[in-house]
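Fold and contact review
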Amino acid sequence: MRSWVGFSELGCLASTLTMVRLSSSVGCSVALVALLAHVASSAPSPIVFVNSFGGAVLEAKLNDAHRAQPLCSKSTNSYYRIWLDFERLLPFAQECWMQDFSCKFDNDTQTLQSVPGVELRTVDYGSCKGVATLDDTELMHYFKNFIEALGKHGYECGKNLAAAPWNWQYPPEQLEKDGYFDQMKALIEKMVSENGEKAVIMAHSNGNQVAHYFLTAYRGIDQAWKDAHVQKFMAIASPWLGCPNAIHPLVSGDVSWFTFYHVRLVNRLKFRKTARTFGSLAAILPNTFAPGASDQPLAYTDTKTYSAADVEELIHDLGDDELFEMYKAYAPKEGKVPAPGVPIHCIFGSEIPTEAIYDYRGKTFNDDPKISNIEGDGTVLMPSLRYCNNFRSMQSQSVQVTELPGLFHHTSIRNTTLINLVIQDIVGNSP
């Protein structure tokens, strides 16, 4: 849909002016009202971004935080950027950073929070800054290219374009307890009211897990609300059935995010300790109930072979009781992922070697595994990405699936082809 008046509208306006001169006042009013209604209907549908794991700026504030290292600050007067700040990855600072960045799961209350003495928050909720770039230097672009491209089609941050950033350490269940989905509902209602159009929810990677939970499990909305407020769900690179890639950081400490020119900036095993406290990683592990899970090898040791159906056993064998209890709290409970109940367009890559099997034979879980790849988008395997096709038989609303060979998972949100495709879908014009 468009936000500008084109040549055809100008022609209609000229005709209307002629009608003003030649027609009765009643006929003139009818024509003018029809034109204004047509132009108003050309306003773009508001868009709400939902970020992925690692895809939102996080700030921290310390208040007498426990310290294992005496050089780490215990308190701060104000919030500071904890993600992403490259200075905190320096050798003298990263120990403090990993402490502050950890979470604590309470099995009695089934809640996940920051470690005592640390408060974390997202930034710029309802606008774009918190997801546009992730670092102060603006080197780590995330939604920035999307925001700039949409700006050429009448979109403005805080008006008809907004982000609903979430603390990507947490699973959807904890986000609901913290009131995140109440905020999202209010944001969408505000944007729909102010723009006169239903909203598009656009999510990336496991941000789709969050958006999907909002549409299917959050108790604050029903089908009537979805029909009135949601134009479409744009699901980009969604791991509907989880992904083996989440196993790696939990088992042996994957730090590929912090590796530049084959140099690891972060200690792998120390970061593993922090990663094991993230409920979002536990929640995105392969769905053990998914069709074919028992036939998909996941990990080998000298004594066991784990399939995708054996994730719980693998997590148990790591010997981390808190991680195991957290996994049981947040792991999928069934193999069938419910349809979102709104029009959906799933876009994802393919034909890219993707981590799938981790071989620890002759090694321990403290070692780097030998990794085998199969087809995916570089992070998520094809059965998980293609699950969206199943929604066609599960809902009456439209389901569109677009597979783009070579579209890499992590950089898809910055890919020009994908951006143009999304704009064509939402705005209805060639970019």
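Residues numbered from 1 in each chain as written. Predicted model: local features only at pLDDT ≥ 70, side-chain atom pairs only at ≥ 80, totals over all residues. Heavy atoms only, no water.

Some details on the sheet that holds strand 16 (residues 370-376)
If you walk across this open sheet you meet the four strands as 13-12-15-16, and the pairing is mixed. Each edge of the open sheet carries a strand with a single partner, namely strand 13 (305-307) and strand 16. Mean inter-strand twist for the sheet, computed between neighbouring axes without regard to direction, equals 35 degrees. Bridge count between strand 15 (residues 352-359) and strand 16: seven bridges; the pairing is antiparallel. Bridged to glutamate 355 within strand 16 is asparagine 373. (Pairing = 2+ DSSP bridges. Helix = DSSP H or I, 4+ residues; strand = E, 2+ residues; numbered from the N terminus. Axes fitted to C-alpha atoms, helices over the stretch in contact; angles between N-to-C directions.)

Let's talk about unusual backbone geometry
Glycine aside, a negative phi is what most residues show, and trans is what most peptide bonds show. A cis amide bond links tryptophan 83 to the next residue, leucine 84, at an omega of 5 degrees. Tracing the backbone shows leucine 84 in the loop between strand 3 (80-83) and helix 3 (94-100). Positive phi values are uncommon outside glycine, yet glutamine 110 reaches one of about 55 degrees. Here the phi dihedral of alanine 237 falls at roughly 55 degrees; this positive angle occurs in a residue that is not glycine. The topology assignment puts alanine 237 in the loop between strand 9 (230-236) and helix 10 (247-251). Here alanine 237 falls in the buried class, since its relative accessible area comes to 2%. (Buried < 20%, exposed > 50% of the residue type's maximum accessible area, 1.4 Å probe, protein only.)

A word on the packing of aromatic side chains
This structure, assessed with the given rule, holds 25 aromatic pairs. Geometrically, the ring pair formed by tryptophan 97 and phenylalanine 271 is stacked, given 6.2 Å between the ring centres and 5 degrees between the ring planes. Placement of the pair is tryptophan 97 in helix 3 and phenylalanine 271 in helix 11 (residues 268-275), with a sequence separation of 174 residues. Take tryptophan 97 and phenylalanine 271: they sit in the same class, and that class is buried. Judged by centre distance (5.1 Å) and plane angle (90 degrees), the rings of tryptophan 240 and phenylalanine 391 are edge-to-face. Separated by 151 residues along the polypeptide, tryptophan 240 in the loop between strand 9 and helix 10 and phenylalanine 391 in the loop between helix 15 (382-385) and strand 17 (399-405) bring together distant segments of the chain. Note that arginine 361 overlies the ring of tyrosine 300, its terminal NZ or CZ placed 4.4 Å from the centroid. (Phe/Tyr/Trp six-rings, centres within 6.5 Å; stacked < 30°, edge-to-face > 60°. Lys NZ or Arg CZ within 6 Å of the ring centre and 35° of its normal.)

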